[in-house]
Amino acid sequence: VLAMLPLAMGIGEGAETWAPMARAVIGGLISSMLLTLVVVPAWYVIIAGSRARFREGRGGSAGGTAAVVAPEGGADPAPELAPGG
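In this report, the structure presented in the accompanying data block is examined. These figures come from a predicted structure and were not determined experimentally.

1. Points about the overall build of the chain
Check the secondary structure of the chain and you find 2 helices and 0 strands. Expressed as a percentage of its 85 residues, the buried residues of the chain come to 8%. Carbon and sulfur atoms make up 68% of the accessible area of the chain, which amounts to about 6,900 Å² in all.

Set out below in structure tokens:
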């Protein structure tokens, strides 16, 4: 983005013909960056939260994965699933 600023501002010989293209490239880079870093993760959080509330309303997990919690003392919660066991 910073490399395109002189071109977008019309600095240099012949830059006035390339300035509209430079502005379009800068706008595209900024909008794609915002979509990737802000909008997509925000929608993911919103959708994941609504799915969790939907599952809670139905009374359980609807095909999701259950978390396995190790018992106190650090024992393996599923020794039969361990390799070689």
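2. As for the environment of M9
Take M9: it is sitting in the loop between α1 (5-8) and α2 (15-58). Note on M9: relative accessible area 58%, which makes it exposed. Here the alpha-carbon distance between M9 and P20, two residues 11 residues apart in the chain, equals 9.5 Å.

3. Overview of α2
With 44 residues, α2 ought to run about 64 Å at 1.5 Å a step, and its terminal C-alpha atoms sit 62 Å apart, in line with that. Turning to α2, its buried residues number three or more, namely A15, A19, A22 and I26. Residues of α2 that are buried in the fold lie against α1.

Reading the values: the criteria
Residues take numbers from 1 onward in each chain, read along the sequence in its written order. In view of the model being predicted, local features appear only for residues whose pLDDT reaches at least 70, and side-chain atom pairs are presented and counted only at 80 or more, with totals across whole chains, interfaces and linings using the full set of residues. In computing side-chain properties, one takes all heavy atoms of the structure into account and sets aside hydrogens as well as water. Helix and strand assignments follow DSSP, with helices taken as H or I runs no shorter than four residues and strands as E runs no shorter than two, numbered in order from the N terminus. Buried, partly exposed and exposed residues are distinguished by accessible area as a fraction of the type maximum, computed with a 1.4 Å probe on protein chains only: under 20%, between the cut-offs, and over 50%, respectively. Accessible surface is estimated by sampling points in the Shrake-Rupley manner with a 1.4 Å probe; for residues, cover comes only from the protein chains shown. A helix's residues, less one, multiplied by 1.5 Å, set its expected span. Contact criterion: two residues are considered in contact whenever any of their non-hydrogen atoms come within 4.5 Å of each other.

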